[in-house]
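For reference, the chains in residue letters:
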Amino acid sequence: MTVATTTEATRARLTVDLGAVVANWRSLCALHPSGAVAGVVKADGYGLGAASVGRALLAAGCEHFFVAHLEEGLALRDALGLGPMIAVLNGFPPGAEADAALLPVLNGLGNVRAWTAAARADGRVRDVLLHLDTGMARLGLPPEELVQVAAEPGLLDGLQLRYLMTHLACAEDPANPLNAAQAARFAAACAALPAAPRSFSNSSGLFLGGLAASDLARPGCALYGINPTPGRPNPMRPVVRLDAPVLQVREVPAGATVGYGASWTAPRPSRIATVAVGYADGYLRSLSGRGMARDGAGRPVPLVGRISMDLITFDVTDHPAIRTGDFLELIGPGNTPDEVAARAGTIGYEVLTSLGHRYARHWLPA
Ligand SMILES: *Cc1c(COP(=O)(O)O)cnc(C)c1O
């Protein structure tokens, strides 16, 4: 008999299936025969571990990675070695140690000028990605800056354009006319620039058919099992499980209230299971009174009362077998990040990137 340590019995377990991440990447590759498929691993691999996810994808043949921040890029370079391309979506200034190890995404004319100046100063050509804004109005050269690039000969001197890229605003809604409009604007913008490979599609874009073809797709969420086709069955394999232990089970009489604000009143004599996860672990407080877990048999167990920092409470009156030490599934195949998000009033991306740092994390090998 093995005796669980106190730590094991009181700590929630987060399990990341790297085999599922790789399977998801391969199925996205099959959807994108026109070009390569990168791995977007910003925000620590959408909360699931950029180094672990990155190594699994690299071993599967993925040669392009995207992060948001310089520091994320440096950490990923350490994890992956010198081989793959690592591009930094938010850009970074030339001259940093990262200059040689990472590729900046240039998001405006100011970025372009800074990098050409650096190339002119030391005579070394810089590999960059150039981001064109075709409808997000967030980052990327807007149309008027593009006109200026075309009008000012030599503005791109010293830069090797590894990819021209743009980003879709509404790809998860295939009926939205902005998808085709962005594709057309991107094609026109690229035609006004020196020829270079193109990078167009995020996860959902890969499900838009021929419209999304480019030399390099940039999926993130679909790798991690989030449904890139909302409203239709999820074509991706689930990646994440979160199982949390019951610390105590108590009987309360009808009329008793549970938790902060006494927001839930037992309508009958009830059994309340207290579970070791809270909003400090990224279990969103908006799930108060609306969350759901699954018991060992996959049956739904309703969350009652408010989410505390470190604890949540479930009504297990109809689950007489549940005992202290049992684990409830908070995220898993029967309680997907998208379903948790819908109950919390947010999107699966936020559920994953909020996952906290107190879980015992396990990565199932690819
Ligand atoms: C986050 C991001 C992606 C990945 O988007 P998903 O919807 O997660 O597939 C791709 N490109 C850019 C510029 C991004 O910011």
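Residues numbered from 1 in each chain as written. Predicted model: local features only at pLDDT ≥ 70, side-chain atom pairs only at ≥ 80, totals over all residues. Heavy atoms only, no water.

Draft legend 1. Region of the structure containing the overall build of the chain. What the chain contains, in helices and strands, is 10 helices and 19 strands. Seen through its C-alpha atoms, the chain measures out along the principal axes to roughly 80 × 45 × 40 Å. For the chain, the residues scored as buried account for 51% of the 366 residues in total. Long-range contacts, defined here as pairs at least 24 residues apart, represent 65% of the contacts in the chain between residues at least 6 apart. Total accessible area on the chain is roughly 15800 Å²; 56% of this is exposed by carbon and sulfur atoms. Here the chain contributes 30 positively and 31 negatively charged side chains, and the mean placements of these two sets differ by 4 Å. (Helix = DSSP H or I, 4+ residues; strand = E, 2+ residues; numbered from the N terminus. Buried < 20%, exposed > 50% of the residue type's maximum accessible area, 1.4 Å probe, protein only. Contact = heavy atoms within 4.5 Å. Areas by Shrake-Rupley, 256 points an atom, 1.4 Å probe, with all protein chains shown as cover. Lys, Arg positive; Asp, Glu negative; His and termini not counted. Charge placed at Lys NZ, Arg CZ, Asp CG, Glu CD.)

Draft legend 2. The arrangement of the environment of A101 in detail. Tracing the backbone shows A101 in the loop between β5 (85–88) and β6 (103–106). Of the residues examined, A101 reaches a relative accessible area of 24% and is grouped as partly exposed. Separated by 26 residues in sequence, A101 and D127 place their C-alpha atoms 10 Å apart.

Draft legend 3. The arrangement of the pattern of salt bridges in detail. On inspection of all chains with the given rule, the structure shows 11 salt bridges. With a shortest N-O distance of 3.4 Å, E329 and R241 are connected by a salt bridge. You can see E329 sitting in strand β18 (residues 327–331) and its partner R241 sitting in strand β11 (residues 240–252), a full 88 residues away along the chain. Taken together, the shared-partner salt bridges in this structure form one network comprising R241, D243 and E329. (Salt bridge = Lys/Arg side-chain N within 4 Å of Asp/Glu carboxyl O.)

Draft legend 4. Summary view of the domain arrangement of the chain. The domain boundaries assigned to the chain delineate domain 1 (6–13 + 239–364) and domain 2 (31–224). Centre-to-centre separation of domain 1 and domain 2, based on C-alpha positions: 38 Å. At the junction of the two partners, domain 1 supplies 8 residues and domain 2 supplies 9 residues. Buried area between domain 1 and domain 2, both sides added, is near 790 Å², and the carbon and sulfur share of it is 65%. Looking only at domain 1, the three residues that lose the most surface to domain 2 are Y349, L352 and W363, adding up to 52% of its buried area. Seen at the junction of domain 1 and domain 2, the total is 2 residue pairs in polar contact (both at pLDDT 80 or more). If one sorts the elements of the side of domain 1 that touches domain 2 by residue count, helix α10 (residues 348–353) sits on top with 3 residues. (Domains from an automatic or database assignment. Buried area = accessible area lost by both parts, 1.4 Å probe. Polar contact = N/O pair within 3.5 Å; in protein donor to acceptor, adjacent residues only side chain to side chain.)

Draft legend 5. Focus on the environment of E72. Along the chain, E72 falls in helix α5 (residues 70–80). Judged by relative accessible area, which is 22%, E72 ranks as partly exposed. Along the chain, E72 and V22 lie 50 residues apart, while their C-alpha atoms are 21 Å from each other.

Draft legend 6. Region of the structure containing the site of the ligand. Taken together, 14 residues are adjacent to the ligand, and K42, Y46, S203, C221 and Y349 come closest. In this structure, H167 approaches the ligand through a side-chain N or O atom, which is 3.4 Å from a nitrogen atom. Considered on its own, the ligand offers 390 Å² of accessible surface; in the complex 93% of this is hidden by protein. In the shell around the ligand, the residues fall into 7 nonpolar, 4 polar and 3 charged. (Near = heavy atom within 4 Å. Nonpolar A, V, L, I, M, F, W, Y, C, P; charged D, E, K, R; others polar.)

Draft legend 7. Here's a closer look at the state of the cysteines. Counted by the stated rule, this structure contains 0 disulfides. Free cysteine: C62, not disulfide-bonded; nearest cysteine sulfur from C29 at 7.3 Å. C62 sits in the buried class, given a relative accessible area of 1%. Not engaged in a disulfide, the cysteine C221 finds its nearest cysteine sulfur in C170; these two sulfurs lie 14 Å apart. (Disulfide = S-S within 2.5 Å.)

Draft legend 8. Up close: helix α9 (residues 337–344). Among all positions in α9, only P337, V340, A341, R343 and A344 are buried. Along the axis of α9, the buried residues cluster in a sector spanning 160 degrees; they form a single face. Where α9 is buried, its residues touch β15 (292–294), β18 and α10. Backbone geometry just downstream of α9 places G345 in the positive-phi region, at approximately 75 degrees. (Arc of directions from axis to C-beta.)

Draft legend 9. How the structure looks around α5. Those residues of α5 that fall on the buried side of the exposure criterion are L70, G73, L76, R77 and L80. For α5, the arc enclosing every buried residue in end-on projection is 120 degrees, short of the 170-degree limit, so these residues lie on one face. Across from the buried face of α5, at angles greater than 90 degrees, the exposed residues are E71 and D78. Where the residues of α5 are buried, they touch α4 (50–60), β4 (64–67) and β5. G81 occupies a position one or two residues after α5 and carries a positive phi of about 75 degrees.

Draft legend 10. View of the nonpolar core. The biggest cluster of nonpolar side chains holds 102 residues, and the ones touching the most others in it are F66, L132 and F314. The dominant element in this core, judged by the number of residues it contributes, is helix α2 (residues 18–31), at 6 residues. The residue makeup of this core includes at least three contributed by each of domain 1 (6–13 + 239–364) and domain 2 (31–224). If we ignore the near neighbours within four places in the chain, the residues touching F66 are A38, G39, V40, V41, K42, M85, A87, L89, L129, M165, L216 and R218. (Core = buried A, V, L, I, M, F, W, Y, C linked by side-chain atoms within 4.5 Å.)

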